[in-house]
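Reading the structure
Residues per chain are reported as follows:
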Amino acid sequence: MASTKYIFVTGGVVSSLGKGIISSSIGKLLQARGYKITIQKFDPYINIDPGTLNPYEHGECYVTADGMETDLDLGHYERFTGIRTTRHNSMTTGRIYKAVIDKERSGEYLGHTIQVVPHITDEIKRRIKYLGDTEGYDFVITEIGGTIGDIESAPFLEAIRQMKWEMGRDAVCIHLTYVPYIKAADELKTKPTQHSVKELLANGIQPDILILRTEKHLDDHLRAKVAGFCNVDLECVIQSEDLPSIYEVPVNMQKQGLDAAIMRKMDIPVGETPQLGAWNRFLEMRRNAAETVSIGLVGKYDLQDAYKSISESLSHAATYNNRKVHITFINSEQLDDPESPAWETVRSQDGLVICPGFGQRGIAGKILAAKYARENDVPCFGICLGMQMMVIEFARDVLGYSDADSTEMNPRTAHNVIDLMEEQKNVTQMGGTMRLGEYRCVIRKGCRAMQAYGGKDDIRERHRHRYEFNNSYRDAFELSGMQCVGINPDADLVEMVEIPSLRWYIGTQFHPEYSSTVLHPHPLFMDFIKAAISK
Ligand code: GLN
C-alpha cells in the first residue's frame, strides 16, 4: 500500500474488556490478508515502563527481544501474530513527558511555552507514526490503555482526533464497549455504550466501528439501535460474545466481517476472505483434546494475569500434545506449612512450574516445591527465580551447604550460590537496569534441553534478572549431578541447569514463556508437557 494506515483501538464503560485481544485479532486478520502489520500499546500512566510495577497493579511485565519491559498486551500481540515487538511498540505517558522535558532542557523549544497541546500531543503523534514511518508497515494498530473518560487519556484522544482529521480515511477508530445484561429485567442495556460514544464525540472523535462485549447474543434490533444512536453503520456494529478461548476471537471477528468493515472504511478493496488454516487447526486440536494434563504453578502472586505468558505457553504446548491443560495456582507461601492443603494440590499435579519473581516473600515454599519434585521425580520447570530456587535447594540438600542462598535474599550467606551479576554491582537506578532482552545460550550436546530444542545447540532467549549462578560452585554442582547445560558464551553465565538422572528437571535463567506463540509453541514447554503426560 502507498501509505501506512492507522487503526486506533479505544475502550469505554469499564476496563478489562479485552482490548488487547481485539487489537491482536485485528492484527491477525489483516496479516492473513497479506499485509505487513504491527500493534502498539500506549499506556496513560506516568511510569516510564511497567518494569517497576507490582504485578498486583498491572499483571505480568512482558519483555521484548530488544529488552524493553512492557505491558502484558504485547505478549498477546506476539502470540497471535507471531510478529516480534520492540521498544517502539510500548509507550507510556511517562516516557512521552520525559522526552518532551528532555527536549525542553536541551533548548529545542527555546522561546516557547511547553503545553499539553501541541507539545505533548505532537510527541504522541510522532511516536504513533514512528513505526509506520521507519518500518513501512501497511497498518499500525494502536491500542490506547485505560477507559474513555479517564483524565489521563485526554492527550491521547486529542492526538487521535488530530490524526483522523489530517489523514481522513487512512485513520479509523474502533471503540470497544460493554453491553451489560440485567438479569432481573432480562434485558441487555446499550445506554452505557451510548454514553461512552458521547464521551468520544465530546473529544471530537466519531468512532468508525463499535465492538460490543456481551455475555449474551445481541439481536439485529439491538445492533441497529446502537448504530442509530452512535452514527455508526450497522455492518460496523460487531459483537464480541464470551467465548471458550481467547484464540476463538479472531475467527469470530472474521465471521462478522470486522476486517472487511475496516477495509471498506479505509477505502481499500475488500477481496476474498482469507482462510485461517493453521489457526483453525490449532483451535480444532484444542476442542478435540479429550484428556487433561495438570500443571501446578508455584508462585506468590495469586492473580491470573501475573503469570500470563507462562499459562499461555503451557496452553499452546498442551494443545499440540493433544491435551487440555488444567493449571492450578499454588501459593508458595502456604507451602511453608507441611500440613497445608496446598501440599495435597502439589501432589496431585503431573508437573510443576516454579515461577519467576523478586524478593524474599514466598521463596521458602518455592524451594520446598523444587525439593519435592526432585525427590519424587516429578517433571519440574524452574523459570528465572524458579531456576535459582532449584539451585539453592540442590546446594542445601545435596551439596550440604545448609545456608546456601541468593544474595538477593541473604546478602551475608557464606554460600552465595546465586549472586548479583558483576555488571549490576554499581547500578543505583531501579528501572530498566536489569539484564533485559535476548542473549545467546549455547547448549551442551546430548542433554535433554538440547533434545527439546530439536538438536539446536545455539539459541537466543529473553531475560529479566540481576542475579546469576555463581560460577565458583559450578564444578561442585556438576560432580553431584546438577549440570549447567546452557551457557552464555559472552558472559560465561549459566543459562540452564538440568538433572539428567531425573525425568524432566530443568531450570532456565531466561524466560522461554515470552516467545511461545499459537503457531510456534516453545520447544521447552512442548517437551515439559510431554514429560508431564508420561509421568
Ligand atoms: N529476582 C531474580 C533476579 O533478579 C529473578 C528474576 C526473575 O525471576 N525474573 O535475578
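Values in this document were obtained by computation on a predicted structure and should not be read as measured data. (Residues numbered from 1 in each chain as written. Predicted model: local features only at pLDDT ≥ 70, side-chain atom pairs only at ≥ 80, totals over all residues. Heavy atoms only, no water.)

Within the open sheet, the 9 strands sit side by side as S13-S12-S14-S15-S22-S21-S20-S17-S18. Their pairing is mixed. Where the open sheet ends on each side, the last strands, each with one partner, are strand S13 (323–331) and strand S18 (458–465). Pairs of neighbouring strands in the sheet enclose a mean axial angle of 25°, with direction left out of account. In terms of strand pairing, strand S17 (residues 435–443) meets strand S20 (residues 483–488) through 2 bridges, oriented antiparallel. Residue pairing for S20: Ile-443 is matched across the bridge by Gly-486. This element, helix H14 (residues 363–376), spans strand S12 (291–299), strand S14 (351–354), strand S15 (380–383) and strand S22 (505–508) of the sheet and lies at about 145° to S14. (Pairing = 2+ DSSP bridges. Helix = DSSP H or I, 4+ residues; strand = E, 2+ residues; numbered from the N terminus. Axes fitted to C-alpha atoms, helices over the stretch in contact; angles between N-to-C directions. Contact = heavy atoms within 4.5 Å.)

So, on to the nonpolar core. Of all hydrophobic cores here, the largest spans 53 residues; its most connected members are Ile-7, Ile-26, Ile-209 and Ile-211. Top contributing element to this core by residue count: helix H1 (residues 19–32), with 5 residues. The residues touching Ile-211, leaving out its near neighbours within four places in the chain, are Ile-22, Ile-174, His-175, Leu-176, Thr-177, Ile-238, Ser-240, Met-253 and Leu-258. Counting residues in each nonpolar core, the second largest holds 41 residues, with Ala-370, Cys-380, Met-389 and Leu-399 among its members. (Core = buried A, V, L, I, M, F, W, Y, C linked by side-chain atoms within 4.5 Å. Buried < 20%, exposed > 50% of the residue type's maximum accessible area, 1.4 Å probe, protein only.)

The next point concerns the side chain of Arg-464. When you line up the elements, Arg-464 lands in strand S18. From its side chain, Arg-464 meets the backbone oxygen of Gly-51 in a polar contact 3.0 Å long. Beyond its immediate sequence surroundings of up to four residues, Arg-464 is in contact with Gly-51, Cys-61, Val-63, Glu-69, Phe-358, Cys-384, Met-434, Arg-435, Leu-436, His-511 and Tyr-514. (Polar contact = N/O pair within 3.5 Å; in protein donor to acceptor, adjacent residues only side chain to side chain.)

It is worth spelling out the site of the ligand at this point. The full set of residues close to the ligand is Pro-356, Gly-357, Phe-358, Cys-384, Leu-385, Gln-388, Glu-408, Arg-464, His-465, Arg-466, Tyr-467 and His-511. Arg-464 is positioned such that a nitrogen or oxygen atom in its backbone is 3.0 Å from a nitrogen atom of the ligand. Summarising the interface, the protein chains cover 98% of the accessible area of the ligand, which totals 300 Å² for the free molecule. Breaking the shell around the ligand down by element, the ones donating at least two residues are helix H15 (385–397) and S18. By residue class, the composition of the shell around the ligand is 5 nonpolar, 4 polar and 3 charged. (Near = heavy atom within 4 Å. Areas by Shrake-Rupley, 256 points an atom, 1.4 Å probe, with all protein chains shown as cover. Nonpolar A, V, L, I, M, F, W, Y, C, P; charged D, E, K, R; others polar.)

Across the sheet, which stays open at both edges, the 7 strands sit in the order S5-S2-S6-S1-S7-S10-S11 with parallel pairing between neighbours. Since the sheet does not close on itself, it has two edges, and those belong to strand S5 (90–92) and strand S11 (237–241), each with one partner. The sheet shows a mean angle of 20° between the axes of neighbouring strands, direction not considered. Where strand S2 (residues 37–43) lies against strand S6 (residues 139–144), 6 bridges are found, and the strand directions are parallel. For Phe-42, the partnering residue across the bridge sits in S6 and is Ile-144. The sheet contacts of H1 involve strand S1 (5–11), S2, S6, strand S7 (171–179), strand S10 (209–214) and S11, and relative to S6 the element is tilted by about 175°. Sheet contacts for helix H8 (residues 220–230): S10 and S11; angle to S11, the most-contacted strand, approximately 130°.

These values are about where atoms sit, not about what they do.
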